[in-house]
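# Reading the structure
Listed here are the chains, written in short residue letters.
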Amino acid sequence: MQGALEPPAATEAGPVTRPSAVTARDLARATATRRRRSASLKLWTGAVCTLLVVVPVALAQVLPLPGAGDQDLSKRRLAPLTDGHLFGTDQLGRDVLSRVLHGGQVSLTVGVLAVVVSGLIGIVAGAAAGYYGRWVDAVVSRLLEAQMSLPLLMMLLLVVALFGPSVTVITCVIAIAQWPEVARLTRSLVLVEREKPYVAAAQVLGLPRIAILARHVIPNIVRQASLVVLLLLAQAVLLESALSYLGAGPQRPFATWGRIISDGQDYITTSWWLVTLPGLVIVLLVVGVNLLGDGLRDRTRRRTTEGSR
Amino acid sequence: MTRIPYAPALSRRSVLRLGAGASAGFALAPLTGCAGPTGAPGPGAISLGLNRSLVSLDNKLNQFDAAVTVQRAVRQALTRIGKGLRPELVLADRFEMTEPTAWTVRLREGVRYSDGNPVTVKDVSTALKMYAGVNGSFIVGLFPEMPTVEPVDERTFRLHTKRPVPILDQLMANILISPAAGNRPEELSGGPGSGPYVVTSANSGTGEYTLAVNPRYWGRRPTVDRVRVRFVPEESSRVVAVRSGELDVIDTITPDSAEQLKGLPGVRLDRTSGTRVNQLFFNFRKPRGHPLADARVREALSYAIDGEALVRDVLTDSAQQAEGVVPLALKGAVRTGAYVHDPGEARKRLAALGASDLKVKIIWESGEFPADTSVMEAVLEMLRGVGVRASLQQFEPGGDIQQWRQGRRGDWDVLGNGFSVPTGHASTSLQGMYGGTPEKERTRDTYQGYVFPRIATRLAEASAETDEKTRNERLAAVQKQIWDTRPCLWAFVPDVVLARRTRVRDVGLLQLNSYDLAAVRLEG
């Protein structure tokens, strides 16, 4: 579908005289055009930044790099671009790039698993609360309010201290920490959706409520909800890094981003790269994922708006 | 030509802009303080940054190295361990062995507490009873038996033991004397002391204390008026703080931090050989039949460790590989052997002993010794290099590693642990680590389950020998026996390193990783 403000396409016969005082220049400078361009820019920048991190992390095993744990004590703390070490070496002579990429696998796995689990919990709980209302809504709403009132990092540290720092525990903890965001959004989307005529039609046809929710309502809100889940990925990666930084991450010798930075901070005045380069990788991923999510949200919003016209 | 008049010099918009700018300037001005060091100690005061929280200025329950400096500045003992690990007199002016099981002690004339009351013989006898009344006291564990006090006159008394304790003068350096009326079998949080400083503010939760000169101090008045003690757990934060001048002295620093601070203007490093041994100690609670219950397997594993590389590269030459079961700086310590790196030999011996597929779990608490995580990760790779499947479990301070050490929580194979004794004598160290008996093991009060009754008996006999030459000969023989049991995967003795601002002078760093705060001078 062509947008209402799209300029008419030029024909082969030459430029068409516009029947309006609004010039092509005005259209190009219009807010809607600027927004569309901005969404596109965000989308591309986000995708590039994310791929710059995710692709090497995913291919860490096949890249011609030393192992993340391979030590060479005689090559301690080599500066970047020395002896074939792009990111330099750490305090035990391990290749920092390799550790960052392998560490990224742990951090990203935890992040992705956590957002998938939190997304599922959030969508199911939020949809149930929004659609069924009454006591279901009361229970879910009070639960998520109670959880959101707790200091997040303190809660995570407490749970990790109780159950021990393993990848499974950390994934579950982050997943449980993030479900309220998704649940709140899903609930509000479902509240709008359940009042629409197609839901009433399904009810008249005698479909069970659970079927209406699962087959008709959720598919209509899942795209918007999943965008929030994508934005939560960046937060999950940051949380995992924070936990590792504070010593509550997976046990050594797992290299996680937080731990690489935590170990490197003792050398910050003499070996800047041990902290700076892993930090930049985290920044790149988080900014990339956020821009990507923002861009997708803007595009979805525009399509919805255009579709409703 | 039409002349365009000048715009008004000060338009309303300009005034608003100027106003907004000035307001922002005023609002943000305090932030400029962030650019410089915060909390600098100020003139006449020094600031110490400890790596562990000083929960109390008493030592009945526990005592870590850095705490000794501060504790002794407030509370004192009859003696102290001085330069060359020799005992020096403090509250006593006479401390002599007059019989094999009796020592005659005389309190120094005029010694008194910060409230003006004199130190009495009753205070000493009460202090000994109170220390003995504490369950699980580190200090009491150093004594083969607690002495009893027999008063002779107002200032003189005798200390009696059932068996000879030839190093009682060194052991008594750890019994801090407090007024009898206020002494309790627990760590005291307040009350007067006889030291050169008094506590003016204390927060045991955050480990922050402020000390001021004791106006009634019986000895020479300290030159530094005020001392601020802070707990700064992060090594990097302590290094940054000493660089910026926020802290004046930081102790127990890692080799890497020392390297960062070396040669910096305004910062000096003090270094001396240490008396603390850091070990990768085997779990001696393994059931019979377990590979690690066999000394030959333990020895084979030790061939996997490249100690020279660890000392040279990870510890940057600020430590020495252990050549005995206790540090050689201790009196009575002897060389018993050396750790040899030979991965081929390790593989061959492990295969011959049927332990090729050995799994080893190493546990330790963060900060137990310098560069602990680097050492552990390096050891992990070295063990993997000889085919051993090794794993690490790191505990944060305040965790439940104590339960693990006692075998009450989970199984482990090697413990990263540091052991130091505040007496400067090998016999205390040997008894603390290797004097375990089946009776002690019932309450899990042995050193990682090390129970060899024959060694414990010979140690007790040697430690009770009053003739120094004979005692040292017997101790040397026991140390060789202990070495043959291969208690450690690897061990090293780190140097004691302290960093200070150059305005802090006369820090006489002792081998026990402490110094006399009253002797410190301040310039500027």
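Residues numbered from 1 in each chain as written. Chains lettered and ligands numbered in written order. Predicted model: local features only at pLDDT ≥ 70, side-chain atom pairs only at ≥ 80, totals over all residues. Heavy atoms only, no water.

- Chain B appears in an unreviewed UniProt entry as ABC transporter substrate-binding protein from Streptomyces rugosispiralis.

- The name an unreviewed UniProt entry gives chain A is ABC transporter permease, with Streptomyces rugosispiralis as the organism.
- As stated in UniProt under Subcellular location (unreviewed entry), the record for chain A gives "Cell membrane".
- As stated in UniProt under Sequence similarities (unreviewed entry), the record for chain A gives "Belongs to the binding-protein-dependent transport system permease family." (UniProt positions renumbered as here; feature names shortened; annotations may be inferred.)

## Section: the overall build of chain A
- For chain A, the helix and strand inventory stands at ten helices and zero strands.
- Reading chain A from its N terminus to its C terminus gives the helix and strand order α-α-α-α-α-α-α-α-α-α.
- In terms of C-alpha radius of gyration, chain A reaches 25 Å, well past the compact-globule figure of 19 Å for 309 residues.
- Reported as C-alpha extents along the three principal axes, the dimensions of chain A are approximately 75 × 65 × 30 Å.
- The buried share among the 309 residues of chain A stands at 44%.
- Long-range contacts, defined here as pairs at least 24 residues apart, represent 71% of the contacts in chain A between residues at least 6 apart.
- Accessible surface for chain A amounts to roughly 16100 Å². Of this, 66% is attributable to carbon and sulfur atoms. (Helix = DSSP H or I, 4+ residues; strand = E, 2+ residues; numbered from the N terminus. Rg over C-alpha atoms; globule rule 2.2 N^0.38 Å. Buried < 20%, exposed > 50% of the residue type's maximum accessible area, 1.4 Å probe, protein only. Contact = heavy atoms within 4.5 Å. Areas by Shrake-Rupley, 256 points an atom, 1.4 Å probe, with all protein chains shown as cover.)

## Brief notes about the pairing of strand E5 (residues 102-107) of chain B
All names here are of chain B.
- Of all six residues in E5, five are buried, a share of seventy percent or more.
- Here six bridges tie strand E4 (residues 92-99) to E5, and the two strands are oriented antiparallel to one another. By the bridge assignment for E5, alanine 92 is matched with leucine 107.
- A loop of two residues connects E4 with E5, the two strands running antiparallel in sequence.
- Of the pairings in the sheet, the one linking E5 to strand E7 (residues 156-160) comprises five bridges and is antiparallel in character. Bridge assignment links alanine 102 to a residue of E7, and that residue is histidine 160. (Pairing = 2+ DSSP bridges.)

## Regarding unusual backbone geometry
- Phi angles above zero are rare outside glycine, and arginine 134 of chain A is one such case at about 45°.
- Assignment of secondary structure puts arginine 134 of chain A in helix H4 (residues 134-148).
- Taking relative accessible area as the criterion, arginine 134 of chain A reaches 76% and is therefore assigned exposed.
- Its identity is not glycine, yet aspartate 506 of chain B carries a phi of approximately 55°, on the positive side.
- When you line up the elements, aspartate 506 of chain B lands in the loop between strand E20 (504-505) and strand E21 (521-522).
- By relative accessible area, which is 43% here, aspartate 506 of chain B ends up partly exposed.

## Some details on the nonpolar core
All names here are of chain B.
- In terms of nonpolar packing, the biggest core is built from 103 residues, with Leu78, Ile175, Leu301, Leu383 and Trp490 touching the most fellow members.
- Looking at this core, the element that brings in the most residues is helix H11 (residues 372-385), giving seven residues.
- Not counting residues up to four positions away in its chain, the partners in contact with leucine 78 are Glu88, Leu89, Val90, Leu91, Ala92, Phe95, Val105, Leu107, Val124, Phe157, Met172 and Ile175. (Core = buried A, V, L, I, M, F, W, Y, C linked by side-chain atoms within 4.5 Å.)

## Description of the packing of helix H8 (residues 295-302) of chain B against helix H10 (residues 343-352) of chain B
Residues and elements named next belong to chain B.
- At a minimum axis distance of 8 Å, the contact between H8 and H10 shows a crossing angle of 155°. The orientation of H8 relative to H10 falls into the category roughly antiparallel. Considering only the axes of H8 and H10, their crossing is left-handed. Contact with H8, carried on its side by Val297, Glu299, Ala300 and Leu301, involves Ala346, Arg349 and Leu350 of H10 and no other residues of that element.
- Taken together, the residues of the contact of H8 with H10 break down into five nonpolar, no polar and two charged. (Axes fitted to C-alpha atoms, helices over the stretch in contact; angles between N-to-C directions. Parallel < 35°, antiparallel > 145°, perpendicular 65-115°, else oblique. Left-handed = near helix turned anticlockwise from the far one by under 90°. Nonpolar A, V, L, I, M, F, W, Y, C, P; charged D, E, K, R; others polar.)

## Overview of the layout of surface pockets
- Volume-wise, the second largest pocket comes out at about 590 Å³.
- Put simply, the parts of the chain that give the lining of the second largest pocket at least two residues each are helix H5 (152-163) of chain A together with strand E16 (389-395) of chain B.
- Counting residues per element, the lining of the second largest pocket draws most heavily on H5 of chain A, which supplies seven residues.
- Considering only residue class, the lining of the second largest pocket consists of 13 nonpolar, seven polar and three charged. (1 Å grid on protein atoms, 1.4 Å probe; cavity = no way out; pocket = protein on both sides within 12 Å on 5 of 7 lines; lining within 4 Å. Points joined across faces, edges and corners; volume = space filled by probe spheres on them.)

## What about the side chain of glutamine 147 of chain A?
- Here glutamine 147 of chain A is to be found in helix H4.
- The residues touching glutamine 147 of chain A, leaving out its near neighbours within four places in the chain, are Met155, Ile176, Ala177, Trp179 and Pro180 of chain A.

## A closer look at the pattern of salt bridges
- If you walk through the whole model with that rule in mind, you get 44 salt bridges over all chains.
- Here arginine 155 of chain B makes a salt bridge to glutamate 109 of chain B, at a shortest N to O gap of 3.2 Å. Separated by 46 residues along the polypeptide, arginine 155 of chain B in the loop between strand E6 (148-151) and E7 and glutamate 109 of chain B in the loop between E5 and helix H3 (121-132) bring together distant segments of the chain.
- Between arginine 285 of chain B and glutamate 441 of chain B there is a salt bridge, with its nearest N and O atoms 2.7 Å apart. Residue arginine 285 of chain B is located in the loop between strand E13 (277-282) and H8, and its partner glutamate 441 of chain B is located in helix H14 (residues 438-442); the two are separated by 156 residues in the primary sequence.
- Here the salt bridges do not stand alone but share partners, grouping Asp90, Arg94, Arg99, Arg252 and Asp263 of chain A together with Glu377 of chain B into one network. (Salt bridge = Lys/Arg side-chain N within 4 Å of Asp/Glu carboxyl O.)

## Focus: helix H2 (residues 31-58) of chain A
- End to end, H2 of chain A covers 39 Å across 28 residues, agreeing with the expected 40 Å (1.5 Å per residue, within 8%).
- The largest bend along H2 of chain A measures about 30° and falls at leucine 51 of chain A. (Expected span 1.5 Å × (residues − 1). Bend = angle between axes of the 7 residues up to and from the residue.)

## Examining the packing of aromatic side chains
Residue and element names in this part refer to chain B.
- Counted by the stated rule, this structure contains 17 aromatic pairs over all chains.
- The interplanar angle of 70° and the centroid separation of 4.9 Å between the aromatic rings of phenylalanine 284 and tyrosine 450 together place this pair among those described as edge-to-face. Taken together, the residues phenylalanine 284 in the loop between E13 and H8 and tyrosine 450 in the loop between H14 and helix H15 (453-463) connect sequence positions 166 residues apart.
- Residue class for tyrosine 450 comes out buried when judged on its relative accessible area of 0%.
- Taken together, the aromatic side chains of Phe281, Phe284, Phe419, Tyr434, Tyr447, Tyr450 and Phe452 make up a single cluster linked through ring pairs.
- The side chain of lysine 60 reaches across the aromatic face of tyrosine 131, ending 5.4 Å from its centre. (Phe/Tyr/Trp six-rings, centres within 6.5 Å; stacked < 30°, edge-to-face > 60°. Lys NZ or Arg CZ within 6 Å of the ring centre and 35° of its normal.)

## Remarks on the UniProt feature "transmembrane region" (unreviewed entry) in chain A
- Under the UniProt annotation, the feature "transmembrane region" (unreviewed entry) is placed at residues 43-63, 106-132, 152-177, 197-218, 225-248 and 272-293 of chain A.
- As annotated, residues 106-132 of chain A comprises 100% helix and 0% strand, and the C-alpha atoms at either end are separated by 38 Å.

## Remarks on the UniProt feature "domain: Solute-binding protein family" (unreviewed entry) in chain B
- Sites flagged by UniProt as "domain: Solute-binding protein family" (unreviewed entry) map to residues 90-438 of chain B.
- With 27% helix and 23% strand, residues 90-438 of chain B has end C-alpha atoms that lie 38 Å from one another.

## Thoughts on the interface of chain A and chain B
- Facing the 20 residues of chain A at the interface are 25 residues of chain B.
- Overall, the association of chain A and chain B removes approximately 1900 Å² of surface from exposure, summing both partners, and the carbon and sulfur fraction of that is 45%.
- Per-residue buried area on chain A facing chain B is highest for Leu73, Gln251 and Arg252 of chain A; these three make up 30% of the total on that side.
- In this structure, the connection of chain A to chain B is made through five salt bridges.
- As a salt-bridge pair, glutamate 377 of chain B and arginine 94 of chain A come within 2.4 Å of each other at their nearest N and O atoms.
- The residue makeup of the side of chain A that touches chain B, split by class, is four nonpolar, nine polar and seven charged. (Buried area = accessible area lost by both parts, 1.4 Å probe.)

## Let's talk about the sheet that holds strand E1 (residues 45-50) of chain B
All names here are of chain B.
- The seven strands are arranged E8-E9-E10-E1-E11-E19-E12 in an open sheet whose pairing can be described as mixed. One side of each edge strand has no neighbouring strand; the edge strands of this open sheet are strand E8 (197-203) and strand E12 (267-272). The average undirected angle you get between the axes of adjacent strands in this sheet is 20°.
- One ladder, built from two bridges, connects E1 with strand E11 (residues 249-251); its direction is parallel. Each bridged residue has a counterpart across the sheet, and for leucine 48 the counterpart in E11 is valine 249.

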